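Residues per chain are reported as follows:
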Amino acid sequence: MGFADQRFNVNLSILFTELPLLERPAAAAAAGFTAVELWWPWVDSPTPERSERGALKKAIEDAGVQLTGLNFYAGQLPGPDRGALSIPGEESDRFRANIDVAVDFAASLGCTTFNALYGNRVDGVDPAEQDALALENLVLAARAVGRVEGTVLIEALNQPESPKCPIVSAPKAIEIVDKLNAATGLGNAKFLMDLYHLSMNGEDLPSVIERYAAKTGHVQIADNPGRGAPGTGSLPLEELLDQLTKAGYDGWVGLEHKPGDRPSAESFEWLPREARAAR
């Protein structure tokens, strides 16, 4: 058991960001990884030009890595936004315009897992109105993802860093997962268990794993405090991943840590090179 028994991918939106986007897949491959994930790469456009999408697709294919996860359009991320699908007006429209573009792009690379970030509360807007809009948009996303037999992920963020986001606990994310599955009947919504965010909320991580492993579609990790690489903080990440495995989780574990004041390639000393290639 331990890190060597996991299937890791590298999030190219938080690691290797010292490089241009199109150079990051090859950098991940050079570091020994064979799988990557991404936040929506074109933060200013939910519908980038076909040539831009084609260039990224080629970079991923040329690097010989597998795209295993993609966020839907989520506004300025990193930045002040925490998603777009619950934001009335233009942002909701942009999310809807992005759905088919994101699904088609990812599916062309064999990726069928999509993170749908909920978004912040908006001053002056009834939270119930936002929640109704969010469910409408999530239903549209889940149906589109269903066409490629994929999964929609609902992620819990953390309250200290995302004080305006209402999805800041595992139970709240599970509530949205259950509502979405009930609304569509597709059963393709699952929980994105980010152990860093949950630890920042002060949640009991072993209990969260015990209760929700069966509804988990993806796991992401970083250490706490600091959101650095495993071993830079105090989270028992190896033990927690072992518990997830014993609970039946056999999916990807996304590396979503900050590299610190060094090149990203130097932030993986904790993981032997032979354990980086997905098995």
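Right above here is the structure, for reference.
Residues numbered from 1 in each chain as written. Predicted model: local features only at pLDDT ≥ 70, side-chain atom pairs only at ≥ 80, totals over all residues. Heavy atoms only, no water.

Colleague: Hey, could you run me through the packing of aromatic side chains in this one?
Modeller: Tallying each qualifying case throughout the model produces ten aromatic pairs. With a centroid separation of 5.4 Å and 20° between ring planes, the pair formed by Phe-72 and Phe-114 is classed as stacked. One end of the pair, Phe-72, is in the loop between strand 3 (66-71) and helix 3 (90-107); the other, Phe-114, is in strand 4 (residues 113-115), and 42 residues separate them in sequence. Members of the aromatic cluster, connected to one another through ring pairs, are Phe-3, Phe-8 and Trp-270. (Phe/Tyr/Trp six-rings, centres within 6.5 Å; stacked < 30°, edge-to-face > 60°. Helix = DSSP H or I, 4+ residues; strand = E, 2+ residues; numbered from the N terminus.)

Colleague: What is the right way to read the nonpolar core from this model?
Modeller: In summary, soluble globular proteins display a tendency toward joint burial of nonpolar side chains. One finds Phe-8, Phe-72, Phe-191 and Met-193 to be the most contacted residues of the largest nonpolar core, which totals 86 residues. Ignoring sequence-local partners within four residues, the contact set of Phe-72 consists of Trp-40, Phe-95, Asn-98, Ile-99, Ala-102, Val-103, Phe-114, Asn-115, Ala-116, Ala-141 and Val-145. (Core = buried A, V, L, I, M, F, W, Y, C linked by side-chain atoms within 4.5 Å. Buried < 20%, exposed > 50% of the residue type's maximum accessible area, 1.4 Å probe, protein only. Contact = heavy atoms within 4.5 Å.)

Colleague: So what exactly am I meant to see when it comes to helix 3 here?
Modeller: Structural remark: α-helix, 3.6 residues per turn; residues separated by three or four positions point the same way. The end-to-end C-alpha distance of helix 3 is 26 Å, a good match for the 26 Å that 18 residues give at a rise of 1.5 Å each. At Asn-98, helix 3 shows its maximal bend, which comes to roughly 35°. Residues of helix 3 that are buried: Glu-91, Ser-92, Arg-94, Phe-95, Asn-98, Ile-99, Val-101, Ala-102, Val-103, Phe-105 and Ala-106. In this structure, the buried side of helix 3 is in contact with helix 2 (50-63), strand 3, strand 4 and helix 4 (127-146). (Expected span 1.5 Å × (residues − 1). Bend = angle between axes of the 7 residues up to and from the residue.)

Colleague: Would you take a moment to explain the pattern of salt bridges for this structure?
Modeller: Side-chain pairs of opposite charge can arise whenever the charged atoms involved come near each other. Under the defined criterion, the tally for this structure stands at twelve salt bridges. Overlapping salt bridges bring together Glu-90, Glu-91 and Arg-94 as one network. (Salt bridge = Lys/Arg side-chain N within 4 Å of Asp/Glu carboxyl O.)

Colleague: Help me out: how do you make sense of the side chain of Asn-137 in this one?
Modeller: Within the secondary structure, Asn-137 sits in helix 4. A residue is classified by how much of its surface remains accessible, and Asn-137, at 0% relative accessible area, is buried. Within the structure, the side chain of Asn-137 is placed 3.0 Å from the side chain of Ser-92, a separation counted as a polar contact. Apart from the residues within four sequence positions on either side, Asn-137 is in contact with Leu-85, Ser-92, Phe-95, Arg-96 and Ile-99. (Polar contact = N/O pair within 3.5 Å; in protein donor to acceptor, adjacent residues only side chain to side chain.)

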